[in-house]
Amino acid sequence: MKKITAAIAGNPNSGKTTIFNMLTGARQHVGNYPGVTVEKKEGLCKYKGYEITAVDLPGTYSLTAYSIEELVARNFIIDEQVDVVVDIVDASNIERNLYLATQLIEMNVPLVLAFNMSDIANRKGLVFNLEQLSELLEALIVPTIGNKGKGKVELLDAVIATVEQGKVKRTHRISYGEEIEDELAKIETIVNDNEGQLTEKYSCRWLAIKLLEEDQDITSKVKSQEVFDVAKGGAEHIKDIFGDEPEIIMADRRYGFISGACQETIKSTVESRHSRSDMIDAIVTNRMLGLPIFLILMYLVFQLTFTIGTYPMSWLEQLFGWAGRAIAGLWPMASEHWFKSLLIDGIIGGVGGVVAFLPNILLLFLAIAILEDTGYMARAAFIMDRIMHKIGLHGKSFIPMLIGFGCSVPAIMGTRILENRRNRFTTIMVMPLMSCGARLTIYTLIIPAFFAEKWRGPMLWLIYLIGIALAIISAKVLRVTILKGETTSFVMELPPYRMPTPKGICIHAWQRGWLYLKKAGTIILAISIILWAAMSYPKPRPESLTGLNSQQAQQVKLAYSVAGRIGRTIEPALKPLGFDWKIGTALIGATAAKEVFVSHLGIVYAVGSAKEGLQTLREQLQANYTPLTGFCIMLFCLISTPCVATIAMTKMETHSWSWAILQFAVLTVVAYAITFIVYQIGSFLTG
Ligand code: GDP
Ligand code: MG
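Residues numbered from 1 in each chain as written. Chains lettered and ligands numbered in written order. Predicted model: local features only at pLDDT ≥ 70, side-chain atom pairs only at ≥ 80, totals over all residues. Heavy atoms only, no water.

Trainee: Kindly report on the overall build of the protein chain, identifying the contributing residues and their values.
Mentor: In terms of regular secondary structure, the protein chain is built from 33 helices and nine strands. Projected onto the principal axes, the alpha-carbon positions of the protein chain cover approximately 110 × 60 × 40 Å. For the protein chain, the residues scored as buried account for 53% of the 687 residues in total. For the protein chain, the share of sequence-separated contacts (at least 6 apart) that also reach a separation of at least 24 residues comes to 73%. (Helix = DSSP H or I, 4+ residues; strand = E, 2+ residues; numbered from the N terminus. Buried < 20%, exposed > 50% of the residue type's maximum accessible area, 1.4 Å probe, protein only. Contact = heavy atoms within 4.5 Å.)

Here it is in structure tokens:
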């Protein structure tokens, strides 16, 4: 006869003792846990060739080290190496009761959940999708009614099945958010290196969690000073960012995990919601209202970003313009000196153009950080989940995609929150189709040039929508071809709403903004220099410039340069798209980064790149092109790769050049094909 030890855990009054009696009948033995005066009841039960020793653990809501009952329960499970834990869950009060389950899941013990009091739950109008919930929690779930003895056989079968399966690696785990996960990873590594004795008994992750929570029992067991210091430092860091104890933040995350799991799997036929978060969620994640509320919020975010953002943006533009002129004035060399030109036109002009965009980006990130830190973003992901599932993505993909409207680079990094590889790669691949901030500079140049006041807003909407629609189609195509496979279900965490701390928000916004700045500082600097060279060399003979004013001279120089020549060479290929060599030349620059398209077109039309130049440039465009060409420029820029930094980031995050090159190639081909079709049909219709 095989022997099994089953520990029966659960909240007080969940029906533990009732279930224990149901399983063991009269064969009971009452004693105390060693060293403490907590009653320990043991009983025997024989079933299908197994001799099951059931132990009725003290009733607890959690497994911290604060109360003797919790410590006893926790130590018993670990020290006695129990074969399976049966968690008695009061199904009529599920969210609170599942908190203990999350702790057991984290301890990675073989677990069976008994949904007891299922009669009361039914009366309350709760309907459980047990199959799905069981998949999310990775534990068998058996509904029981303890006082009527219902569910005994099913529970025993589940216990045996779970024991036979043994310890399995869990695929879903509660994720505590980037900052906490970073700290956990640090602690885990150092614990693994220094605490051989502890890791024999406890899993590294669980130890790291307890150490970060500053659990006294585990902290007192740590021998290495280094581990102690890292854990302490981590806890301080978290307190600093969130303005709260790590333990509280992490408890919030666990409740978030539970809320998410319950929201997906439990239907309430009777209105029984009460807490404040639940009340807000009743509106915000409502089937009818959720999406409109979300769209309005997003509209406000964009509106705010771009109305407030224009002020600091123009200050920065002025600052860079002034810096350029100041350096030009200070310089004792002739204005034709190559180094001066490189510094002023190449470096200050190129990088300055990108940095001027930083306020917009920072504001957008700030707004997103606020939405994230309050807990709304998790709801947005939840609302979008239904739609995203249809295209084979998870609702969580939506958050990085939203960041993609600011800049693809941090957005691609942001896909790290997606656990599933196929989901993540698909999201990365379609990310560039989210119209990023750099493209907006192109739209703001072109739309006012070709479209009447009342059509400008709708035009911008249309462009963004085309991007989104293409992303949806591409995602679908990827998910049925090269990234085919099941979307594994996992819990969407719905943490309770919190008042975010200003510091936390600023740190989150800045981290992403900094990435953008680094891109401007490194890759874009390098590209600016290369482009400057391509647009400055070779130089025409000085005689050919006589009699021309400086702007005309600049134009002739550009036409003569490498970039101008390439532009002319590819002109035949661009003709069917409605583009001439001038646009072609600017597009070459735009391959590197979309934000340079406008300044390059400015140079091609020799109107300078300053502010007064923008209006002149619009007049030039109006005189030389049709609205159809204007639209096609926007379309091409929307679909083609936003910048080389995006390609580099795709390579970094997928760890493969093939994906990066595939992304670049497909986007270019699709951009060409769609622009071609639109231009051809458009010019046919307009005669
Ligand atoms: P413990 O504190 O977890 O050990 O809970 P008990 O086993 O002492 O049960 C608390 C109360 O709930 C008792 O009055 C039980 O009769 C009752 N009870 C247990 N299971 C059920 C059930 O499934 N349905 C209903 N309605 N009552 C139950
Ligand atoms: Mg009891």
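Trainee: I'd like a rundown of the environment of phenylalanine 257, residues and numbers included.
Mentor: Within the secondary structure layout, phenylalanine 257 lies in helix H12 (residues 246–265). On the basis of relative accessibility, which here comes to 4%, the residue phenylalanine 257 falls in the buried class. For the pair phenylalanine 257 and tyrosine 99, spaced 158 residues apart in the sequence, the C-alpha separation amounts to 9.3 Å.

Trainee: Tell me what's going on with the domain arrangement of the protein chain, and back it up with residues and numbers.
Mentor: The domain architecture assigned to the protein chain consists of domain 1 (2–165), domain 2 (178–272) and domain 3 (295–686). Using only C-alpha atoms to locate each centre, domain 2 and domain 3 end up separated by 39 Å. With 17 residues of domain 2 in contact, the opposing surface of domain 3 contributes 15 residues. Contact between domain 2 and domain 3 buries roughly 1,400 Å² in total, counting both sides, with carbon and sulfur atoms accounting for 54%. Sorting the residues of domain 2 by area buried against domain 3 places Ile241, Asp252 and Glu264 first, and these three jointly supply 32% of that buried surface. (Domains from an automatic or database assignment. Buried area = accessible area lost by both parts, 1.4 Å probe.)

Trainee: Summarise the sheet that holds strand E2 (residues 28–32); cite the residues concerned and give the values.
Mentor: With respect to topology, seven strands assemble into an open sheet ordered E2-E3-E4-E1-E5-E6-E8, the strand pairing being mixed. The sheet is open, and its two borders are formed by E2 and strand E8 (140–143), each paired with just one other strand. If you compare each strand with its neighbour and ignore which way they point, the axes differ by 25° on average. Lying over the sheet, helix H1 (residues 16–24) contacts strand E1 (2–10), E2, strand E3 (39–47), strand E4 (50–56), strand E5 (84–90) and strand E6 (111–116), oriented at roughly 40° with respect to E3. (Pairing = 2+ DSSP bridges. Axes fitted to C-alpha atoms, helices over the stretch in contact; angles between N-to-C directions.)

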